Amino acid sequence: MSSFTWHRAVIKIGSALIAPNGHACTAQYLQHIARFITASREKGKEVIVVSSGSVAAGRDSIKVRHQPSIAEKQAMASIGQTRMMANWAGLFSFPCAQVLLTYDDLHNRTRYVNISNTLRELLTNHALPIVNENDTVAVNELKVGDNDNLAAYTALVAQADTLIICSDINGLYDADPRKQPDAKLIPEVEQIDEDTFKLAGGAGSSVGTGGMLTKLQAAHKCMQSGIQTLIVNGRDAQVFDYLSQGQVPGTLFKAEKSVGNARAKWLKHTLKSRGVIEIDKGAMNALLERGASLLPSGVLEVSGHFKAGDAVEIHFQNAAIAKGLAQYNDAELSQIKGSNSRHISNMLGYSVGEAIVHRDDMVLL
Ligand code: GLU
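Note that this is a predicted model, so its numbers are computed, not measured. (Residues numbered from 1 in each chain as written. Predicted model: local features only at pLDDT ≥ 70, side-chain atom pairs only at ≥ 80, totals over all residues. Heavy atoms only, no water.)

Asker: Got a minute to help me understand the side chain of threonine 251 in this structure?
Answerer: Looking at where threonine 251 falls in the secondary structure, it is placed in strand S10 (residues 251-253). Within the local environment of threonine 251, its side chain forms a polar contact with the backbone nitrogen of leucine 172, the two atoms lying 2.8 Å apart. Residues in contact with threonine 251, not counting those within four places in the same chain, are Asn170, Gly171, Leu172, Leu185, Ile186, Pro187, Val189, Thr229, Leu230 and Ile231. (Helix = DSSP H or I, 4+ residues; strand = E, 2+ residues; numbered from the N terminus. Polar contact = N/O pair within 3.5 Å; in protein donor to acceptor, adjacent residues only side chain to side chain. Contact = heavy atoms within 4.5 Å.)

So this is what it looks like as structure tokens:
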């Protein structure tokens with residue numbers, strides 16, 4: 001078995017575990033997952049759940065003659081989502097926070113930053129974010145479409161270090177285990193290429209949307225961004241004992257080594273800077289020596305036109321020292337520059353946080 005260490009994980013639980021019979025939701029397979037989540041949090045780890053099951057949980061409440069239409073499925077999701085959340089909430093003594101996302105939200109940078117801030121806030125306040133696709137509003141072209149890829153996007157936006165996909169299969173095999181009984185589980189994957197995708201075969205389980213293909217797509221996205229991905233069998237309670245001991249009783253897709261670099265490269269090279277924030281010496285020291293976030297008090301000047309979520313350069317004495325995503329637009333920053341973070345809400349009438357460029361969204365140049 002491979003071993004792993006983690007601090008912030010997205011745990012994806014598929015419909016096959018939430019609604020094993022294809023309709024209604026049950027806690028049958030969730031008890032041991034919930035125990036693992038609670039125990040991990042008690043050790044100081046951070047967990048975000050991505051849960052499927054809304055369509056299945058609402059299925060019985062919508063009358064359908066043949067194949068359900070899109071609207072019928074959306075109505076099922078609407079009813080099922082509250083049932084699925086109630087199912088989870090019954091397993092924990094801390095608050096569960098519903099987060100419904102679409103592809104559209106994740107590709108709009110302002111919303112992306114908002115989602116990231118909200119998740120950070122929920123974790124800081126010890127709530128358990130439970131994410132699903134907003135199936136009720138999303139039509140096909142705005143959808144991620146499956147919760148494996150949604151979980152990968154969630155891991156990215158939440159800056160998790162680990163994605164754990166809990167399914168009804170043990171991991172990735174070298175052949176289809178349903179057709180070839182001698183198929184062998186692959187304990188560790190260093191790199192996903194064409195040949196790995198060929199191992200994915202067909203869709204697998206009939207309850208959820210995802211099969212092995214979407215799991216590999218999710219793992220691929222995560223690995224490239226420095227997030228390790230595990231596929232484990234969530235039906236097996238023992239799996240979670242192994243996970244608690246840092247062992248992987250399934251397949252571990254290792255994060256690319258240039259981890260920080262993948263994100264740093266993206267920030268540094270891919271994103272165009274839209275503005276410049278000139279900071280004072282105190283702020284420069286905080287950034288370079290303490291690894292701190294940039295606060296408004298250290299800002300001297302703001303130039304350029306940018307929105308919240310745009311990339312900006314941070315300068316000290318006209319030399320670029322860092323680049324990052326701004327939490328506020330240029331007009332807002334001009335108003336709050338030089339002020340203590342405490343006064344942001346008074347000055348703007350709202351606040352999206354005390355940092356104007358959060359450390360997680362910053363790269364030193
Ligand atoms: N969002 C869907 C649901 O909650 C599940 C999609 C999936 O299983 O991949 O029913």
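The rest of the description comes next.
Asker: Would you mind showing me how to read the nonpolar core here?
Answerer: The nonpolar side chains of a soluble globular protein tend to be buried, and buried together. Val10, Leu106, Leu163 and Phe253 are the most contacted members of the largest nonpolar core, which totals 38 residues. Those elements giving two or more residues to this core turn out to be strand S3 (46-51), strand S4 (96-101), helix H6 (109-124), helix H7 (147-157), strand S6 (162-167) and helix H9 (212-224). If we skip the residues at most four places from it in the chain, phenylalanine 253 touches Leu172, Val189, Ile192, Leu216, Ala219, Met223, Gln228, Thr229 and Ile231. (Core = buried A, V, L, I, M, F, W, Y, C linked by side-chain atoms within 4.5 Å. Buried < 20%, exposed > 50% of the residue type's maximum accessible area, 1.4 Å probe, protein only.)

Asker: Would you mind going over the sheet that holds strand S11 (residues 273-279) with me for this structure?
Answerer: Strand pairing in a sheet is mediated by backbone hydrogen bonds. Such pairs are either parallel or antiparallel. Read from one edge of the open sheet, five strands run S12-S11-S13-S14-S15, paired in mixed fashion. Only two strands of the sheet have a single partner each, and these edge strands are strand S12 (299-304) and strand S15 (362-364). When strand polarity is set aside, the average angle formed by the axes of neighbouring strands in this sheet is 25 degrees. Of the pairings in the sheet, the one linking strand S13 (residues 311-316) to strand S14 (residues 319-325) comprises six bridges and is antiparallel in character. Residue alanine 311 lies in a different strand from S14, and its bridge partner there is leucine 325. Packing of helix H12 (residues 281-290) onto the sheet brings it into contact with S11, S13, S14 and S15, and relative to S11 it is tilted by some 115 degrees. (Pairing = 2+ DSSP bridges. Axes fitted to C-alpha atoms, helices over the stretch in contact; angles between N-to-C directions.)

Asker: Would you mind showing me how to read the packing of aromatic side chains here?
Answerer: In this description, an aromatic ring pair is defined by two values, namely the gap between the centres and the angle between the planes. Enumeration according to the criterion identifies five aromatic pairs in this entry. Ring centres of tryptophan 88 and phenylalanine 92 lie 6.2 Å apart, and the angle between their planes is 10 degrees; on these two criteria the pair is classed as stacked. For the pair shown, tryptophan 88 and phenylalanine 92 are each scored as buried. Taken together, a centroid distance of 4.9 Å and an interplanar angle of 25 degrees make the contact between phenylalanine 92 and phenylalanine 94 stacked. (Phe/Tyr/Trp six-rings, centres within 6.5 Å; stacked < 30°, edge-to-face > 60°.)

Asker: Can you walk me through the pattern of salt bridges in this structure?
Answerer: If the charged atoms of two oppositely charged side chains come close together, the side chains can form a pair. Within this structure, the stated rule accounts for 11 salt bridges. Linking lysine 307 and aspartate 310 is a salt bridge whose minimum nitrogen-to-oxygen distance equals 4.0 Å. Overall, aspartate 310 belongs to the buried group, its relative accessible area being 5%. Members of the salt-bridge network, linked through shared partners, are Lys12, Asp148 and Lys215. (Salt bridge = Lys/Arg side-chain N within 4 Å of Asp/Glu carboxyl O.)

Asker: I would appreciate a short explanation of the sheet that holds S3 in the present structure.
Answerer: Taken in spatial order, the eight strands of this open sheet run S4-S5-S3-S2-S6-S8-S10-S7, and their pairing is mixed. Sheet topology places S4 and strand S7 (188-189) at the edges, where each strand pairs with a single neighbour. Here S3 pairs with strand S5 (residues 128-133) via two bridges, running parallel. Looking at the pairing, valine 50 lines up with valine 131 of S5. The strands touched by helix H2 (residues 31-42) within the sheet are strand S2 (8-13), S3, S5 and S6, with S3 carrying the most contacts at an inclination of about 155 degrees. Packed onto the sheet, helix H4 (residues 70-89) meets S2, S3, S4 and S5 and runs at close to 150 degrees relative to S4.

So, to be careful, I would describe these as geometric facts and stop short of saying anything about function.
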